[in-house]
Amino acid sequence: LVKKIKEGATNALKAEIIRKTNEKLKRVITDDYIEIENIDRYIKLKGRGGASEGQTLSIAYCFLGTLFEDSELQFPFIIDSPTGKMDFDKRQAVADIIPVVFNQMIAFVQSAEVERFADQFYGNEDAQFTTIVASSDGKSIEVHNGIEFFDSYQREHKGDE
């Protein structure tokens, strides 16, 4: 009996996560029809063997956003290098997705990720920009708050990685 209850609860929870994630996907990926069919150790897409890099990232962000939204505790989504080496169009899509999916996000960006990603948040009054600069010997750091220093520093160090 306990095993049946556990299976029923797990299946109902999966179905609800799939439903909510699919709702987000409809709002986020507007140029293609992508739907999650099942979740069992991995996400299986309905009628597809896979998705593009940008779509895969969108699916992951929507899925994670669904898992976070019903939590009693509110945690920000923290990601290092959210767009990596994506092209500008894909970066723009990720920048458009994140505010729809997450209430709060902390992103650690490289200078190369500013154009068409981090700069998309410049007009958002809720966005905060903090630049942390380590000394060349790594023994000390400087912390600068504000968009002005962030933008200036990123433009100055655009080629540095």
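Enquirer: What's the story with the overall build of the protein in this structure? I'm lost.
Expert: Assigned secondary structure in the protein consists of four helices and six strands. Its helices and strands in sequence order give the protein the pattern α-β-β-α-β-α-β-β-β-α, from N to C terminus. Over its C-alpha atoms the protein spans a radius of gyration of 19 Å, topping by over 25% the 15 Å that the globule rule assigns to 161 residues. Dimensions of the protein along its principal axes, counting C-alpha atoms only, are 60 × 35 × 30 Å. Considering the protein as a whole, with its 161 residues, one finds that 31% of them fall into the buried category.

Enquirer: Help me out: how do you make sense of the environment of P76 in this one?
Expert: Note on placement: P76 falls in the loop between α2 (53-69) and β3 (77-80). The exposure class of P76 is partly exposed, given its relative accessible area of 25%. Sequence-wise, P76 and E142 are 66 residues apart; in three dimensions their C-alpha atoms are separated by 24 Å. Apart from the residues within four sequence positions on either side, P76 is in contact with Q104, M105 and I106.

Enquirer: Looking at this model, I keep getting lost on unusual backbone geometry. Mind explaining?
Expert: Excluding glycine, residues mostly carry a negative phi; peptide bonds, for their part, are mostly trans. Unlike most non-glycine residues, R41 shows phi in positive territory, near 75 degrees. Examined against the element boundaries, R41 turns out to sit in the loop between β1 (36-39) and β2 (43-45). Of note, the phi angle at R116 is positive, near 65 degrees, even though the residue is not glycine. Within the element layout of this structure, R116 appears in the loop between β4 (105-108) and β5 (130-134).

Enquirer: So what exactly am I meant to see when it comes to the packing of aromatic side chains here?
Expert: A ring pair, where both rings are aromatic, is described by two values, the distance of the centres and the angle of the planes. Summed over all chains, the structure comprises 10 aromatic pairs. Taken together, a centroid distance of 6.1 Å and an interplanar angle of 80 degrees make the contact between Y61 and F102 edge-to-face. Here the residue Y61 occupies a position in helix α2, and F102 occupies one in the loop between α3 (88-101) and β4, the gap between them amounting to 41 residues. The class of Y61 is buried, set by a relative accessible area of 2%.

Enquirer: Would you explain a nonpolar patch on the surface in this entry?
Expert: On the surface, a nonpolar cluster with roughly 290 Å² of combined accessible area is contributed by I78, I106 and F108. Under the relative-accessibility criterion, I106 is labelled partly exposed at 38%.

Enquirer: Is there a simple way to explain the pattern of salt bridges in this structure?
Expert: If charged atoms from side chains of opposite charge come close, those side chains can pair. All told, the structure shown has nine salt bridges when counted by the stated rule. Here R48 makes a salt bridge to D32, at a shortest N to O gap of 2.5 Å. Remark: D32 occurs in the loop between α1 (2-28) and β1 and R48 occurs in the loop between β2 and α2; sequence separation between them is 16 residues. Taking relative accessible area as the criterion, R48 reaches 27% and is therefore assigned partly exposed. Residue class for D32 comes out partly exposed when judged on its relative accessible area of 31%. Note that E37 is salt-bridged to K44, the shortest N-O span being 3.7 Å. Each of E16, R19, K20, E23, K24 and E69 takes part in one network of salt bridges that share partners.

Enquirer: How should the packing of α1 against α2 be read in this particular structure?
Expert: Two packed helices can be described by the angle between their axes and the distance between those axes. One can describe the packing of α1 onto α2 by two numbers: an axis separation of 9 Å at closest approach and a directional angle of 130 degrees. Considered as vectors, α1 and α2 are oriented oblique to each other. As for the relative orientation of α1 and α2, their crossing is right-handed in sense. Together, I17, K20, T21, K24, L25 and V28 of α1 and S58, I59, C62, F63, G65, T66, L67 and E69 of α2 make up the contact between the two elements. When grouped by side-chain class, the residues that make up the contact of α1 with α2 number seven nonpolar, four polar and three charged.

Analysis parameters
- Residues numbered from 1 in each chain as written.
- Predicted model: local features only at pLDDT ≥ 70, side-chain atom pairs only at ≥ 80, totals over all residues.
- Heavy atoms only, no water.
- Helix = DSSP H or I, 4+ residues; strand = E, 2+ residues; numbered from the N terminus.
- Rg over C-alpha atoms; globule rule 2.2 N^0.38 Å.
- Buried < 20%, exposed > 50% of the residue type's maximum accessible area, 1.4 Å probe, protein only.
- Contact = heavy atoms within 4.5 Å.
- Phe/Tyr/Trp six-rings, centres within 6.5 Å; stacked < 30°, edge-to-face > 60°.
- Patch = residues over 30% accessible without salt bridge, like charges linked within 9 Å, V, L, I, M, F, W, Y side chains within 5 Å.
- Areas by Shrake-Rupley, 256 points an atom, 1.4 Å probe, with all protein chains shown as cover.
- Salt bridge = Lys/Arg side-chain N within 4 Å of Asp/Glu carboxyl O.
- Axes fitted to C-alpha atoms, helices over the stretch in contact; angles between N-to-C directions.
- Parallel < 35°, antiparallel > 145°, perpendicular 65-115°, else oblique.
- Left-handed = near helix turned anticlockwise from the far one by under 90°.
- Nonpolar A, V, L, I, M, F, W, Y, C, P; charged D, E, K, R; others polar.

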